[in-house]
Amino acid sequence: MAGGNERSLKALKEVWKRAENSLCADCGKPDPDWASSTLGVFICLSCSGIHRNIPSISKVKSLKMDYWDDAQVQFLAKHGNAVSKAMYEAHIPIYYYQPTYNDCQVLREQWIRAKYERKEFTEPGKQLPYSDGVKEGILWKRGRDNGQFLPRKFLLSEREGCLKYFTKQDAKEPKINVKIDVINATFQPEKIGNPNGLQITYLKDNKTRNIFVYHESGKEVVDWFNAIRSVQFHYLKVAFPIASDNEIKNRLTRNFLKEGYMEKTGPKQREAFKKRWFTLDHRRLMYFKDPLDAFAKGEVFVGSGENGYSVQKGLPSGTQGNFSWHYGITIVTPDREYLFTCETEADQLEWIRAFTSVINQAMTPQEYAIEAYFKFKS
């Protein structure tokens, strides 16, 4: 810890050690070692970089390497993360997604700007750009067949309980009209190849359809994301009137548990293993030829352990299909076994952890209905 007299250094260490300051004020990462001398919050290195891009609001310094004078230390002691949270997060809508350190840059940056720059959560009942129950605008959408991103008009309506998009600005009929309760939205900057890339999925005839979009403005795409969550929240409040707000919040948009390449073989377990892109969306394991395919080539339902589902490391002895990757996984269901291989042991262990987390959870009545559909389809 550089510079400063012993009294200041001791005072800085004491305020830094407070329990309230043990996690980053913005993303929750443990052991933050940076702070804002103008906001009085303790933050991690990654969030400090975002703060540095808002110099009119925040001045950041390292707690280990920079000099802190008496006045700055006293300011930190007077504020800190608890005081900051009470001020800047006083009135966050329950549906608003608060990112963690595992989330992408655009989500974390817009969360920080919403708090300190735009002060969106300091007053009760403040009109927010994602709280109107309706949102209309242009998003760049990837074409299903040609892969080109073209501007398309999107309309989100709480009154109609749906999301629509139109191929032309003046089109009267939408290309799609999707009920809000079957939509999921998750940020996919790496997959889409744009820092503001958003993947919107929905169920059509109980099959998952993907739409890939982005907007040049990080604020605009995050506003769309939270507008979807807002409309979903109010729709579900009506559909499930006795459910608590937190129960409904947990049913809003969700990140995929795991994505990546594996090899798979067919039901006879003698076919050659083929490389596919897999997405685990809670109990739906979907596989695609390409990560940006609109439709899955197939889906596997992953139920609970008490209903006869399990995951095993390795492949059954005597597996005949040719495979180039050697870290096997077997998903056991009441009807059959599904065989996969991973390129590395690390991938294998990550997939097993993801499958185990799903299998260890009890199934809901809705999931029993989905399981019945999968069994009927097969």
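Everything quoted here is computed from the prediction, not taken from an experiment.

Asker: Provide a residue-level description of the overall build of the protein, including the pertinent values.
Answerer: Summing up its helical and strand segments, the protein has ten helices and 17 strands in all. Once the C-alpha set of the protein is aligned to its principal axes, its extents read approximately 75 × 55 × 45 Å. Scored against the burial criterion, the 378 residues of the protein give a buried share of 49%. Put simply, of all contacts in the protein between residues at least 6 apart along the chain, 53% involve residues at least 24 apart. Total accessible area computed for the protein in this model is approximately 18800 Å², and 50% of it derives from carbon and sulfur atoms.

Asker: Can you lay out the UniProt feature "domain: Arf-GAP" (unreviewed entry) in the protein for me, pointing to particular residues and giving the numbers?
Answerer: Per the UniProt entry, the sites bearing "domain: Arf-GAP" (unreviewed entry) are residues 6–129 in this numbering. In this annotation, residues 6–129 is assigned 40% helix and 6% strand; the end-to-end C-alpha distance for the span is 48 Å.

Asker: Let's hear about the environment of Leu-285: which residues, and what values?
Answerer: By the secondary structure assignment, Leu-285 is in strand β13 (residues 284–288). For the pair formed by Leu-285 and Val-302, sequence separation is 17 residues and the distance between their alpha carbons is 7.1 Å. With residues near it in sequence (within four places) discarded, Leu-285 still touches Phe-278, Thr-279, Leu-280, Gly-298, Glu-299, Val-300, Val-302, Phe-340, Trp-351 and Phe-355.

Asker: If you had to explain the sheet that holds strand β3 (residues 60–62) to someone new, which residues and values would you point to?
Answerer: Strand order in the open sheet made by the three strands is β2-β1-β3, with antiparallel pairing throughout. Each edge of the sheet is formed by a strand with only one pairing partner; in this case those strands are β2 (42–43) and β3. Inspection of the sheet shows strand β1 (residues 34–36) paired to β3 by three bridges, in the antiparallel sense. Note that in β3 the partner of Trp-34 across the bridge is Ser-62.

Asker: Can you tell me about the packing of helix α1 (residues 6–16) against helix α3 (residues 70–78), naming the residues and giving the values?
Answerer: Contact pair α1 / α3: the axes reach a minimum separation of 10 Å and the direction vectors enclose 20°. One element, α1, and the other, α3, form an angle in the roughly parallel class. In the packing of α1 onto α3, the handedness of the crossing is left-handed. Residue-level contacts link Arg-7, Ser-8, Ala-11, Leu-12 and Val-15 of α1 to Asp-70, Val-73, Leu-76 and Ala-77 of α3. Classifying every residue of the contact of α1 with α3 gives six nonpolar, one polar and two charged.

Reading the values: the criteria
Residues numbered from 1 in each chain as written. Predicted model: local features only at pLDDT ≥ 70, side-chain atom pairs only at ≥ 80, totals over all residues. Heavy atoms only, no water. Helix = DSSP H or I, 4+ residues; strand = E, 2+ residues; numbered from the N terminus. Buried < 20%, exposed > 50% of the residue type's maximum accessible area, 1.4 Å probe, protein only. Contact = heavy atoms within 4.5 Å. Areas by Shrake-Rupley, 256 points an atom, 1.4 Å probe, with all protein chains shown as cover. UniProt positions renumbered as here; feature names shortened; annotations may be inferred. Pairing = 2+ DSSP bridges. Axes fitted to C-alpha atoms, helices over the stretch in contact; angles between N-to-C directions. Parallel < 35°, antiparallel > 145°, perpendicular 65-115°, else oblique. Left-handed = near helix turned anticlockwise from the far one by under 90°. Nonpolar A, V, L, I, M, F, W, Y, C, P; charged D, E, K, R; others polar.

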